[in-house]
Amino acid sequence: MKIQLHHLSSIVCLLLFTGGLFAQKAETPDYTYDVGGNINNMTLTLAGTMVVSTSDGLVGIKPGSNELVFKFTDYGSVKPEEVTYIPASPYLIVDQGGVGGLKALSALSSKKAVIDYISGKVIFTTESKGWKTVQTADVIMPDNKLVISGLQKEGSMAEKNTAKLAVYDLITGNLDYSFFLNEPGKTTAKYFAVTGTPLLLKDKLLVPTTQGIYAKSHSGQTLWENDVKDVNWMTSSADEKEIYAFDVNDTGSKTEIIKVKPDGGEAWGDKVKVDGVVSNFQIVPQGLIVVSDKDTSGKSVLAGRSESKINLLSAANGEDLWDKAPKTGGFVQHFYVMEDGILFGIYEGGINKVAFDGTPLFKKPLKTGENIQIMAETPKGLIYITSEDANIVDLKTGESVWNKPLKFKKAESVTSAFDEAHSRYLINADDELFAVDAASGDVSTLANVKFDEKENPTTLAVRDNGIFLGSDQNMTLLDFDGNEKYHEYYKSPGRSTFGKIMGGITAVATTTLTVAMAAKAGANRNGMDMNNLDSYNETGKEAKRAQDMFASMAGASFEYLSKRFKASAATEDSQFILSNLDDGVGLVKLSKADGSVEKEILLKDKKPEYEVDDFGGVLYYKADNKTIYAYNLR
C-alpha cells in the first residue's frame, strides 16, 4: 500500500540530552560556530546537523569545519514551532504565515522555505519561486517531490488571483509542472483550494480540493476530475488500481471513506462512515481493515467511551463484513496483519487476535498490564512486555508458553534483551533483573540492580564480557551469573535543570527516527511495513535498515545519510554522563567494557545548554548567546 506524508503535521522527534549545570571553565572546542543572531533554540537532526533558530533566522552547523552549513535569514527571526522536519529525509520546512505574526491572516501573506539541512541548499522559498501566498506545502517521499499550492505573482491579473498548484523536484529545485485549479478569469462563486495531501502515483498526481479530486498527468494535463470534495488524505493499493479517499469532519467524530475508480468515478454506491479518525488502513485480499479512534473526552456520557474500533470492509461495495467487531476497551497501540488474521494490543491493557472473518482465534482475550511496550515474535510464540508484566504466549491460541506471566509493580522503566549464548530473556524492572529460560519459561532473579538517585536503567545490552545496564548517572556491568563487575555513578549536577529521560523502553533516537519509531529494545522490524510483527533478536538492526533505505534514494544528501548509519554508533561501546568533575561540571565519556574514563570535557556557565549526538559522537554546547562549540566525543 502506498501512502503519502500528511501536511506539515509530522514532526520529527529526537531523544536529546539537554540540561543545566554549574561549571568553572570550558575546554577548547574542536569547532566554533558564530551563528550571528541570539540563539532561540537548538535542534539535533537525524543527520547530526544542528539546526539553530536565532533572532536573525535559521542556521545549520555540522562538525568537520568551522563554517556554517547554511544561514537562512530571508524571514528574520525563526521560532522553533515554525520549523518542521520531514521524517526520513534531509529536508526541513520553515513556515511563517499571516501578517504581523497573526496566523488568521495567513491567506494574505505566507512565507515558506524548504531547506536541505545536509547540503545547506535552500531549495524553495515563496519569494524566489514567484509565489504571492503559499497555502499548502507537501513533501512527497521517497519521490523527492514538493507540491505547492497558493497564488503566484506572475501572469495576468486573473492568473494572479487564481489558485495554482506546482510540483518541484527536490534534488534539482526545478519546476516539474504546474496548473491552475480553475480557469483564470472565469466568473464563479465556487472556492478553489487544496484540502489535503496530494497522492503521487506512477502515472498521475491526485489532488484533493474543495471542488473534488483532480487527476493530473506528470506533465500537468487533466486526466479526470470528480466531485469528491474536501478529502484530507488518500492511499492506494500496491498496483495503484484501488484508490481510497478519507474525509474527516471538523470535530474528528466521523470519517467518510470513498473508493475511487481508475477513471475518477465512485466505486461504492454510498460513502462509508466510521466513528472517529482512521489511524490504520490496510488493503488485504480479504477486504479493507480499518482502525478508527473515537475520542469522547469532555463530551456527554451518552457519547460512549473513548476507544478504537476495528472493522473489515468489503473492497467491492464497502459493506461491513463482520457481524460483530472485536471489543477493544481502549486505544489500539499495536496492530499486525498476519497470515491467519489480525493481532492487536490495547494501550490500556489486553491483546487479542481475530480471523479475517471476525471469529476469535485466541481462546480468550489476554489480560495484560497497561502500556504494551513490546510485542514481538519469538521461536516459542509472541512475547509481550508491558509496564506491569511480561509473557510468551502461543500465537495460534493465546495460551501461555511460560509457566506463568512475569509480574512486577508498575515500573517507570522496563528494559529487555535476549542473551543468545545462554538462551534466555533478560528483563529489568523494579530494581530487579529477571532471567527467563527461553525453552522452559522458568523465571529467576539474576541480580538486584539498585541505581543511585533512584534511577531506573534505561539501557540493557548483552555484551561479550557481560550484561550492561545504564541510566543518566549510572552504569553497571554484570557477569553472566549476575555478579557485579563494576558500577559507576556520577552525581547529577542538578536535577532541577538536568532533563531526565522519561520511563519506558528507550532506543537510540537517531536510529529510531529513521524507521518511524518502528523498533524498541531488541525488537526488529521486518522491512518498513509498520504492520508486520517484529522478530525479537539479540541485537537491533535499525541502523542497517536506515542505511539501506537512504542508499536507495537519489541525491548526495541521502548518500551522506546512508554512510552515517553504516558507521557504528558512538554509544555502542561508550556512555556519556554529565556530572561534577574535579575542575567543574562537564561531560564524561566512559567505557562500557570496564567503566573507565575515556574522556572528560569541561563546560562553563552555571546553566549551559548542550545536546549530544549519540550516533555521531559529538557534543554541541551553547557557549554564549551567539556561539556554539562542538566537541568530538569519539
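Scroll up for the structure.
Residues numbered from 1 in each chain as written. Predicted model: local features only at pLDDT ≥ 70, side-chain atom pairs only at ≥ 80, totals over all residues. Heavy atoms only, no water.

**Remarks on the sheet that holds strand β33 (residues 415–419)**
Strand order in the open sheet formed by four strands is β33-β34-β35-β36, and the pairing between neighbours is antiparallel. Edge positions in the open sheet fall to β33 and β36 (443–448), since each of these has one partner strand only. Within this sheet the neighbouring strands show an average axis-to-axis angle of 25 degrees, counted without direction. Direction of pairing for strand β34 (residues 424–429) relative to strand β35 (residues 432–437): antiparallel, over a ladder of six bridges. Bridging from a neighbouring strand, arginine 424 pairs with aspartate 437 of β35. (Pairing = 2+ DSSP bridges. Helix = DSSP H or I, 4+ residues; strand = E, 2+ residues; numbered from the N terminus. Axes fitted to C-alpha atoms, helices over the stretch in contact; angles between N-to-C directions.)

**A short note on the pattern of salt bridges**
Under the definition given, this model contains 18 salt bridges. The shortest N-O distance in the salt bridge between aspartate 275 and lysine 309 comes to 3.0 Å. With aspartate 275 in strand β22 (residues 272–275) and lysine 309 in strand β25 (residues 307–313), this pair connects stretches of sequence that are 34 residues apart. Lysine 309 gets classed as partly exposed once you look at its relative accessible area, which sits at 30%. One connected set of salt bridges, linked through shared partners, spans Lys145, Asp169 and Asp176. (Salt bridge = Lys/Arg side-chain N within 4 Å of Asp/Glu carboxyl O. Buried < 20%, exposed > 50% of the residue type's maximum accessible area, 1.4 Å probe, protein only.)

**Thoughts on unusual backbone geometry**
In the segment running from methionine 141 into proline 142, the intervening peptide bond is cis, with an omega of 10 degrees. Along the polypeptide, proline 142 turns up in the loop between β11 (131–140) and β12 (145–152). Unusually for a residue other than glycine, aspartate 230 sits at a positive phi of about 60 degrees. Looking at the secondary structure, you find aspartate 230 in the loop between β18 (222–225) and β19 (233–236). A residue is classified by how much of its surface remains accessible, and aspartate 230, at 38% relative accessible area, is partly exposed.

**Examining the nonpolar core**
Trp402, Leu406, Tyr425 and Ile427 are the most contacted members of the largest nonpolar core, which has 19 residues in total. Among the elements that make up this core, the one with the highest residue count is β34 (three residues). Not counting residues within four places of it along the chain, the set of residues in contact with isoleucine 427 comprises Ile385, Ala390, Trp402, Leu406, Phe408, Val414, Thr415, Ser416, Glu432, Leu433 and Phe434. In terms of nonpolar packing, the next biggest core, distinct from the first, is built from 17 residues, Ala47, Tyr75, Val94 and Tyr117 among them. (Core = buried A, V, L, I, M, F, W, Y, C linked by side-chain atoms within 4.5 Å. Contact = heavy atoms within 4.5 Å.)

**Brief notes about the sheet that holds strand β37 (residues 459–463)**
Strand order in the open sheet formed by four strands is β37-β38-β39-β40, and the pairing between neighbours is antiparallel. Two strands bound the open sheet, and with one partner strand each, they are β37 and β40 (484–489). Within this sheet the neighbouring strands show an average axis-to-axis angle of 10 degrees, counted without direction. The sheet contact formed by β37 and strand β38 (residues 466–470) spans five bridges and is antiparallel. Residue pairing for β38: threonine 459 is matched across the bridge by glycine 470.

**Focus on the packing of aromatic side chains**
For the structure shown, the criterion picks out twelve aromatic pairs. Ring geometry for tyrosine 244 and phenylalanine 281: centres 5.3 Å apart, planes at 55 degrees, overall tilted. Here tyrosine 244, found in strand β20 (residues 243–248), pairs with phenylalanine 281, found in strand β23 (residues 277–284); they are 37 residues apart in sequence, far enough to count as distant. Judged by relative accessible area, tyrosine 244 falls into the buried class, the value being 0%. Overall, phenylalanine 281 belongs to the buried group, its relative accessible area being 3%. (Phe/Tyr/Trp six-rings, centres within 6.5 Å; stacked < 30°, edge-to-face > 60°.)

**Overview of the pairing of β11**
Counting buried residues in β11 gives eight out of ten residues, a clear majority hidden from the surface. Strand direction decides the pairing type here: β11 and β12, joined by eight bridges, are antiparallel. By the bridge assignment for β12, threonine 133 is matched with leucine 151. Hairpin connection, β11 to β12: the antiparallel pair is bridged by four residues, and asparagine 144 has positive phi, about 60 degrees.

**Topic: the environment of phenylalanine 480**
For phenylalanine 480, the position within the fold is in the loop between β39 (474–478) and β40. With a relative accessible area of 22%, phenylalanine 480 lands in the partly exposed category. Sequence-wise, phenylalanine 480 and alanine 421 are 59 residues apart; in three dimensions their C-alpha atoms are separated by 9.9 Å. Residues in contact with phenylalanine 480, not counting those within four places in the same chain, are Asp419, His422, Arg424, Leu446, Val462, Arg463, Asp464, Asn465, Gly466 and Ile467.

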